[in-house]
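Listed below, chain by chain, are the residues.
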Amino acid sequence: MERPIDPEWVWKATLGELELALQRPVFENWLKDTRFVAYEDGVYIIAVKNSFSQEWLNQRLKSTIKRRLARLSGRTVDVNFIVRPEKVSMPVPSAPDSPLLTIANDTVQAGRFHSPSSFDDANLQRNRTFANFIVGDGNRFAYAACQAVAQNPGASYNPLFIYGGVGLGKTHLLHAIGNATAEEGYIVRYVTSETFTNEMIESIRTHTNVAFRQTYRNVDVLLIDDIQFLQGKESTQNEFFHTFNSLTAANKQVVIASDRPLHLLTKLEDRLLSRFGGGLTVDLAPPDLEHRIAILHAKAYEKGMVVPEDVIRYIAEHFPNNVRELQGALNRVTAYAQLHQQPLTIALAQKILEPQQVPMDHSPEAILEAVAKEFNITVSELKGPRRTRRISVPRQVAMYLMRDVAQLSFPQIGEFLGGRDHTTVMHGVTKVEKNLQSDPVIRERLERVRARLKQ
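*Asks:* Please clarify how the sheet that holds strand β2 (residues 43–48) should be interpreted in this entry.
*Replies:* Within a sheet, each strand pairs with its neighbour through backbone hydrogen bonds, oriented either parallel or antiparallel. On the basis of which strands lie adjacent, the open sheet formed by 3 strands has the order β1-β2-β3 and mixed pairing. The sheet terminates laterally at β1 (35–40) and β3 (78–83), the two strands that pair on one side only. For this sheet, the mean angle separating the axes of adjacent strands, direction not counted, is 25°. Here β2 pairs with β3 via 6 bridges, running parallel. Each residue of the ladder has a partner; that of I45, found in β3, is N80. Lying over the sheet, helix α1 (residues 7–21) contacts β1 and β2, oriented at roughly 135° with respect to β1.

Here you go:
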């Protein structure tokens, strides 16, 4: 007799799949903070943070979520999103006899005290701490810098700028800093740049600009993720510039994360780049094999599972790019083994993880279409005469793929791209080949284009 499947586990497994399948901003904004509430008569009841999220999920993702829930549950199900009640902040009782003033740097300042209210409105994930961050050669310096900031916010490395590719631990470190400082009573706020932008727009619409500014300028530690999404948003950049200045002038800590180094944030204002570079910049490199194995062991321990060493090594060897891929692969294997009550073996891991032979569309038309979608431009712009960086970079990526995937000659590629000279195409292909060695952003975008060609 098969044991019943735990619906809360099914929801967590579904979230794990969606995190891998969706673009990161979509998952972070709409699904990350959801909570399983109950499972009643074939309906998953899921709590979301506000009515806006409820409406968005119902309109955009409900059918996708239902399909994944049904597959993992093994039956037809429905999903109902409800708005979870607001948290109630409990007043902190006064303690007249406690020392609320301390002497630091010859200045009398309010002493910090631990209070649960320090986490209110901080947007922190309490399970992301320094204690469960796995340190390796590629992230050791960044980890040490973040610990130093958490121990003495506003004094050591302000601002701290963290960059690295997708899934290498930037967000984990931001939350670790936030949790450590909130534990000490500091007022902390974690936010993505997209959320910052949306809240600013909403404050303008509702004439609550003053309240918006107070929210961000009265914190002790501001943690802002995915700063690259501020590029091209002039009004938001201006607001963030003044917020940044206000905080750093008051010795409040600012920590910024990006998926690319400062010199590649070409659409951020120079005054912002100058200030970001005025503190400490640290990078996160992809984990080596030993580091990946250590991460998988830690993740298996968190799940309360014993995973054979050969399966751990197999996953570590086949997913070298980032921690998110590693965790996703481990989740897929362990979930399949649990659902089908099969032992964890190399054979099972190979069956689940080896890529299906999905045919790739090799046509130059498909390549141009996929590149245009990835870079948010049109095929006409790729073929057109404009040479701005916004167009030239994706055009060179298209040249590289038409050479690598479609196996076209340089003159043929030039003809498809508006009659360009073959020497121009040769230069574009060579430049992409060179950038692939040093630029993780180009590597990631190129892989996303390849994925589009398989859809």
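The structure having been displayed, the exposition proceeds.
*Asks:* Honestly, the side chain of N139 in this entry has me stumped. Any pointers?
*Replies:* Mapped onto the fold, N139 is located in the loop between β5 (107–110) and α5 (140–151). Within the structure, N139 has its side chain in polar contact with the backbone oxygen of I134 (distance 3.2 Å). Other than its neighbours up to four places away in sequence, N139 contacts F133, I134, L284 and H291.

*Asks:* Where do I start with the sheet that holds strand β6 (residues 160–164) in this structure?
*Replies:* Pairing is parallel across the open sheet formed by 5 strands, whose spatial order is β7-β8-β9-β6-β10. Both edges of this open sheet fall to β7 (188–192) and β10 (280–284), since each of them pairs with a single strand only. Between one strand axis and the next, the sheet turns through 15° on average, direction left out of account. Across 5 bridges, the pairing between β7 and strand β8 (residues 221–225) is parallel. Along β8, the bridge assignment pairs Y190 with L223. This element, α5, spans β6, β9 (253–258) and β10 of the sheet and lies at about 135° to β10. Each of β6, β7, β8, β9 and β10 touches helix α6 (residues 170–183); the most contacted strand, β8, lies at about 165° to it.

*Asks:* Just to check I follow, could you spell out the pattern of salt bridges for this structure?
*Replies:* Any two side chains of opposite charge can pair if their charged atoms end up close together. This structure, assessed with the given rule, holds 22 salt bridges. Salt-bridge contacts for K252 lead to D220; the nearest nitrogen and oxygen are separated by 3.5 Å. Pair noted here: K252 is in the loop between α9 (234–249) and β9 and D220 is in the loop between α8 (209–217) and β8, with a separation of 32 residues, a long-range link. Its salt-bridge partner being R448, residue E374 comes within 2.7 Å of it at the nearest N-O pair.

Reading guide: rules and limits
- Residues numbered from 1 in each chain as written.
- Predicted model: local features only at pLDDT ≥ 70, side-chain atom pairs only at ≥ 80, totals over all residues.
- Heavy atoms only, no water.
- Pairing = 2+ DSSP bridges.
- Helix = DSSP H or I, 4+ residues; strand = E, 2+ residues; numbered from the N terminus.
- Axes fitted to C-alpha atoms, helices over the stretch in contact; angles between N-to-C directions.
- Contact = heavy atoms within 4.5 Å.
- Polar contact = N/O pair within 3.5 Å; in protein donor to acceptor, adjacent residues only side chain to side chain.
- Salt bridge = Lys/Arg side-chain N within 4 Å of Asp/Glu carboxyl O.

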